[in-house]
Amino acid sequence: MRLSRIFMALTVGLAVAAVPTAAGAAQPQPPVYAPTPASLTVSPTTIRLGETFTLRGEGFAAGTVTINVTITGNPNAAPAGSVRRSDGSAVAMTAVAYQQPQSAPTTFTVTANDEGEFTTTYRPTRTGRHVFTAVQGTEEDSATGIVLPQRPHRPPNGGGHLPVTGDSIGTPLKLGGGLAGAGAVLVLLSLAWRRRGRFGIGSR
């Protein structure tokens, strides 16, 4: 009799102890979100030499982020080829890059805020394809920007017409003045010749 009571008490105790565990298991668990991967963007993606890129990063840890810049292509270089002389012989030409100002850095660092974000600017000093790579530990992402040559400068008058210079007008005026003077002399000589004939000057 006592043994059955002991078994019954153990059974009830185990059932009571299992109720909170089952209730806890039935409660909905909060969703687990994957961490945002690090990303880097460049805007605008195409600029002219002398303009500026804006770099934006997110998904990094707070702290220092290293940005490496890889540049390929250089439209500022004179094209290679050959030129023929008047005698038919060819002269080889090699590509020569124009002298550039002090080069922009190809490696620099920025600081991400507590949300893992940063914004910085970069002003290229040469044309070509610029690949920006942001690195922080195992996190890494890249973005690309294109730098085109500067626009050619237009003349102040808009380039529609050639500017008028003093030499271009002075020459026709001088020529016209000379012709008018010669014509006047010829007219005077003609009138004098007619008057001489009318009054019989020089006749025998």
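Scope of this entry: the structure provided in the associated data block. Treat the numbers as computed from the prediction; the structure is a model and nothing was measured.

**Side note on the nonpolar core**
Across soluble globular proteins, you tend to see nonpolar side chains buried next to one another.
Turning to step 1, where the next piece is worked out: One finds Leu 55, Ile 67, Phe 118 and Phe 132 to be the most contacted residues of the largest nonpolar core, which totals 21 residues.
Turning to step 2, where the next piece is worked out: Elements supplying a minimum of two residues to this core: strand E1 (39–43), strand E3 (53–58), strand E4 (63–72), strand E7 (107–112), strand E8 (118–122), strand E9 (128–136) and strand E10 (139–148).
Turning to step 3, where the next piece is worked out: Setting aside anything within four residues of it in sequence, one finds Leu 55 in contact with Leu 40, Thr 41, Val 42, Ile 67, Phe 108, Phe 118, Thr 119, Thr 120, Tyr 122 and Phe 132.

**Concerning the packing of aromatic side chains**
Turning to step 1, where the next piece is worked out: A complete count under the given rule lists four aromatic pairs for this structure.
Turning to step 2, where the next piece is worked out: Considering the side-chain rings of Phe 60 and Phe 118, the 5.7 Å spacing of their centres and the 50 degrees angle between planes classify their relative orientation as tilted. Highlighted residues: Phe 60 in the loop between E3 and E4 and Phe 118 in strand E8, separated in sequence by 58 residues.
Turning to step 3, where the next piece is worked out: Residue Phe 118 is classed as buried on the basis of its relative accessible area, which comes to 5%.
Turning to step 4, where the next piece is worked out: Summarising the aromatic geometry, the rings of Phe 108 and Tyr 122 are spaced 5.7 Å apart at their centres and angled 15 degrees between planes, so their arrangement reads as stacked. You can see Phe 108 sitting in strand E7 and its partner Tyr 122 sitting in strand E8, a full 14 residues away along the chain.
Turning to step 5, where the next piece is worked out: Its relative accessible area of 15% is what places Phe 108 among the buried residues.
Turning to step 6, where the next piece is worked out: Site record: aromatic cluster; members linked through ring pairs are Phe 53, Phe 108, Tyr 122 and Phe 132.

Conventions used here
- Residues numbered from 1 in each chain as written.
- Predicted model: local features only at pLDDT ≥ 70, side-chain atom pairs only at ≥ 80, totals over all residues.
- Heavy atoms only, no water.
- Core = buried A, V, L, I, M, F, W, Y, C linked by side-chain atoms within 4.5 Å.
- Buried < 20%, exposed > 50% of the residue type's maximum accessible area, 1.4 Å probe, protein only.
- Helix = DSSP H or I, 4+ residues; strand = E, 2+ residues; numbered from the N terminus.
- Contact = heavy atoms within 4.5 Å.
- Phe/Tyr/Trp six-rings, centres within 6.5 Å; stacked < 30°, edge-to-face > 60°.

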